[in-house]
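Understanding the architecture of this molecule
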Amino acid sequence: MLFEKHLGVIDREAAQLCAVSDALWDNPELALGEYAAAELITDLMERYGFTVERGVGGIPTAFTATFGSGSPHLGVLAEYDGLPSMSQEAGIAEKKSIPGRDTNHGCGHNLFAGGSIGAVLAVKDYIEATGKGRITLFGCPGEEGGGGKVFMAREGVFKGVDSVVSWHPERMYMVRTRPSLANVKVNYAFEGIAAHAGGAPHKGRSALDAVELMNIGANFLREHMELTSRVHYAILDAGGVAPNMVQSHAVVQYLIRAVDMEAVRELHARIDRIAQGAALMTDTTFTSRVVSAYADLITIPTLQATANEAMHDIPLPVPTEEELEYAKALQATFRLTQEEKLLPPLATVVKDPAPPVAHGGSTDTADVSWNCPTVQMHIGTWAVGTPGHSWQSTSQCKASYAKKAMLYAGKAVAGTVMRLLENPALIEKAWEEHKAKVGDGYVCGLPADLEPEILPRSEK
Ligand SMILES: [Zn+2]
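Residues numbered from 1 in each chain as written. Predicted model: local features only at pLDDT ≥ 70, side-chain atom pairs only at ≥ 80, totals over all residues.

This brings us to the packing of helix α2 (residues 14-26) against helix α13 (residues 400-422). For the pair α2 and α13, interaxial distance at closest approach is 11 Å and the crossing angle is 115°. Relative to α13, the element α2 lies roughly perpendicular. The two elements α2 and α13 meet at a crossing, and its hand is right-handed. For the pair α2 and α13, the contacting residues are A14, L17, C18 and S21 in the first and K403, M406, L407 and G410 in the second. By residue class, the composition of the contact of α2 with α13 is five nonpolar, two polar and one charged. (Axes fitted to C-alpha atoms, helices over the stretch in contact; angles between N-to-C directions. Helix = DSSP H or I, 4+ residues; strand = E, 2+ residues; numbered from the N terminus. Parallel < 35°, antiparallel > 145°, perpendicular 65-115°, else oblique. Left-handed = near helix turned anticlockwise from the far one by under 90°. Contact = placed C-beta atoms within 7 Å. Nonpolar A, V, L, I, M, F, W, Y, C, P; charged D, E, K, R; others polar.)

Next comes the structure, spelled out in structure tokens:
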């Protein structure tokens, strides 16, 4: 195993890394309100000798922790936000919520943080020994809907970084090859005239009618857009609960996804025109406001190959009988595909990277990937087939095998970073691939005046 000496740091610090992961699980916080998590991690990074900057990108719970001052400058991402409506006890194979708790870690971001801290500790050991390079742990809050990295990218936090290596809890071990869709989320607020729906309907102009007609227009649009595009909506305000009123105010939110930001802009313009049509038809007016926007993920074959090599070089965790039993018991609570049924309950091999296939989702790591070459790894912290954002994934985020996978993730990330530091030609090649894909460069999809929706510090 390459860099075995430096990767050994992760084994030596395992108890501390697991303690961080468990502490985050025990005190879960929502997106852009991760005050305790950010404090815990930044204090720890200072004790480990990193230089910490808190509140980067205008977000109180975002941070950077850097070691070394040389070049190349590599980055590792950490996430630490929980999810709402995820209350669940750890380590059991039945749905059982924790009384008085709503938020919990259903996406494994507690593990994400622990593994990434381990990675930068191993890289620090390498930098101390060789004098090569610089490493930054980017504390990225608000992944669950907050778009934290997009705001950080808009403020230039990832500018000047030579490459970013990241990972995410998953059900398998594999370098991520699939891109993600760019998107924009827009609120359309219609204004009409209130009137008695029975007594004076001719005097009323219905904002709710406008929302309904807009949705019908969008339904017809779906036949005439790219197969890879997606348009979803939610009515945020239907104008009230009284049917004997003409609703004078209504708001619908559109989430518009497409393969890249340009395609999103085109589709967004078409949806705008549908809103105009709906307003014309109903004699109402509307305003629209962008509330979030994600880029599409730029994938870099050179970094994927480097990460794949590192993953194959590091021995995978071996599950115990007890761990397999627990994973099997969990699997009995959800549907497995035919393919999943043929696999052992916990992943035991590193899969070769799959050919990149279209995927309907989006990620805020995409905005990092527009600023510098970026690679992500899927790490098998959960039983095969586990649905993400579920009570089953939440239950497993404190499991012994999840922690073993987390430590492996730290080594795989560090192994990739150290390969890049050792061989800067790989970084040069990654930049060539990056430049060929991003063209004129990154334009953040967020309006310049849009502020992140930072949660207040909760009183304890
Ligand atoms: Zn996640």
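At a minimum axis separation of 10 Å, α2 and helix α3 (residues 35-47) run at an interaxial angle of 165°. Accordingly, the angle class assigned to the pair α2 and α3 is roughly antiparallel. Crossing geometry of α2 relative to α3 is assigned as right-handed. Contacts between α2 and α3 pair V20, A23 and L24 from the former with A37, L40, I41 and L44 from the latter. Classifying every residue of the contact of α2 with α3 by side-chain character gives seven nonpolar, no polar and no charged.

What follows concerns unusual backbone geometry. Of note, the bond from S71 into P72 is cis; its omega dihedral lies within 30 degrees of zero at 0°. Counting through the fold element by element, P72 comes out in the loop between β2 (63-67) and β3 (73-78). With a phi angle near 55°, H389 is a residue other than glycine that sits in the positive phi range.

Annotation of the protein at the domain level lists domain 1 (4-179 + 297-438) and domain 2 (182-293). Centre-to-centre separation of domain 1 and domain 2, based on C-alpha positions: 37 Å. Taken together, the contacts link five residues of domain 1 with seven residues of domain 2. Split by residue class, the side of domain 1 that touches domain 2 holds two nonpolar, three polar and no charged. (Domains from an automatic or database assignment.)

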